[in-house]
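Inside the fold
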Amino acid sequence: MDSTQVTISIIKEMAATIEENRQSLTRLDSEIGDGDHGTNMRRGFQAAIERLDNTEPASPADALKAVSMALISKVGGAAGPLYGTVFLKASSALAGKEEVSAQDAADALEEALAGVKLRGKAEAGDKTMVDALEPAAQAAKEAAGSGSVAEVFRAAADAAAAGAEATVPLTAKRGRASYMGGRAAGHKDPGATSTHLLLDAAARVLENASEDA
Ligand code: ADP
Ligand code: MG
C-alpha cells in the first residue's frame, strides 16, 4: 500500500475506533464536562469519511486536510477546532510528500502539538488533550531516530495512553472541566483519552500494514 492508501486506512480505523468508544468518551465528558465528546467526535469522523469518499485524496497531506475541514465544519465545541488544527498542521507538515518516513511522522505530530497549544493555550498538566499529545510527540521524536513509521506511532500511542491516565488526579485549567475546579480531580480527561484512541488506531493500522508487506 502506498502512503496515501495507508493514511486513508488510518482515518477509517480512527472513525471506527471513535464509533466503538463513543459512549465511554461521552461518559467521561459527562463527569467533567457536558457529555458530548463522543457524539462530537463521531459526527466529525463520519463527516471526514464522507469527505474522503467524495474527494479521492492524491496524497497523505490531502487526506489529512479533508479530515481537518470536516472536523472544523461539523464539530462544535472545543474539540472540533482543536482536532481540526491537529489534522491541518499534520497535513501542512507532510505537504508535497508522497511517502511518509518515520521522521516525517514525528515532525507531523510535533507540528500538530504546536498548533493545538497555540490555538487552545493549554500546557501539559492543564488536563486537556495536550497531556496526551505532548508526550506522544516527544516519544515519536525519540523513536524516529531508529524506528519505522509503525514504531513511531506505537511509541506515540503508548505515551499518549500514559499521558491520558495521568490526567486523572489533575484539576483542569482549560476547557469546560475548568469550571468544575477541584471536582474534576479523579476523572480522566475525555480529549486526552480520544487522542490516545486515535494514535492507537494509527499504530494498529501501520503494524498490520508492515506485517502484510
Ligand atoms: P466541549 O468542551 O466544547 O464540550 P468536547 O467535549 O468535544 O468539547 O471536548 C472536550 C475536550 O477538549 C476536553 O476533554 C479537552 O481535552 C479538550 N480541550 C478543551 N479545551 C481545550 C484547550 N484550550 N486546549 C486543548 N484541549 C482542550
Ligand atoms: Mg463536551
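Higher on the page you've got the structure.
Residues numbered from 1 in each chain as written. Chains lettered and ligands numbered in written order. Predicted model: local features only at pLDDT ≥ 70, side-chain atom pairs only at ≥ 80, totals over all residues. Heavy atoms only, no water.

Focus: the coordination of the magnesium ion (ligand 2)
At the metal site, the magnesium ion (ligand 2) is ligated by Asp 29 (OD), Asp 34 (OD) and Asp 36 (OD), and these contacts range over 2.0 to 2.2 Å. When the donors of the magnesium ion (ligand 2) are listed by position in the chain, the intervening gaps give D-x4-D-x1-D. According to the relative accessible area criterion, Asp 34 is partly exposed, its value standing at 35%. (Donors = N, O, S within 2.8 Å, 3.2 Å for Na, K, Ca; no water. Buried < 20%, exposed > 50% of the residue type's maximum accessible area, 1.4 Å probe, protein only.)

Some thoughts on the site of ligand 1
Every one of the 20 residues lining ligand 1 counts as a neighbour, but His 37, Asn 40, Ala 78, Gly 120 and Asp 189 are closest to it. Contact distances for ligand 1 include 2.9 Å between an oxygen atom and a side-chain N or O atom of His 37. Taking Ala 78, its main chain carries an N or O atom lying 2.8 Å from an oxygen atom of ligand 1. Within the complex, 93% of the 560 Å² of free accessible area of ligand 1 lies under protein. Elements that contribute at least two residues to the shell around ligand 1 include exactly helix H2 (37-55), helix H4 (79-93) and helix H8 (190-212). (Near = heavy atom within 4 Å. Polar contact = N/O pair within 3.5 Å; in protein donor to acceptor, adjacent residues only side chain to side chain. Areas by Shrake-Rupley, 256 points an atom, 1.4 Å probe, with all protein chains shown as cover. Helix = DSSP H or I, 4+ residues; strand = E, 2+ residues; numbered from the N terminus.)

Digging into helix H1 (residues 3-32)
Spanning 30 residues, H1 covers only 38 Å between terminal C-alpha atoms, well under the ideal 44 Å at 1.5 Å per step. Helix geometry: H1 is bent most strongly at Asn 21, by close to 60°. The backbone nitrogen of Thr 4 has a side-chain oxygen 3.1 Å away, supplied by the residue at the start of H1, namely Asp 2. (Expected span 1.5 Å × (residues − 1). Bend = angle between axes of the 7 residues up to and from the residue.)

Brief notes about the nonpolar core
Residues Met 14, Phe 45, Tyr 83, Phe 87, Leu 109, Val 152 and Phe 153 are the most contacted members of the largest nonpolar core, which totals 64 residues. Of all the elements in the fold, those that place two or more residues in this core are H1, H2, helix H3 (60-74), H4, helix H5 (102-120), helix H6 (130-144), helix H7 (149-165) and H8. Of the residues forming this core, the biggest block, 9 residues, is contributed by H8. If we ignore the near neighbours within four places in the chain, the residues touching Phe 45 are Ile 11, Met 14, Ala 15, Ile 18, Val 67, Leu 71, Phe 87 and Leu 198. Residues Ala 172, Ala 177, Met 180 and Ala 184 belong to the second largest nonpolar core, which totals 5 residues. (Core = buried A, V, L, I, M, F, W, Y, C linked by side-chain atoms within 4.5 Å. Contact = heavy atoms within 4.5 Å.)

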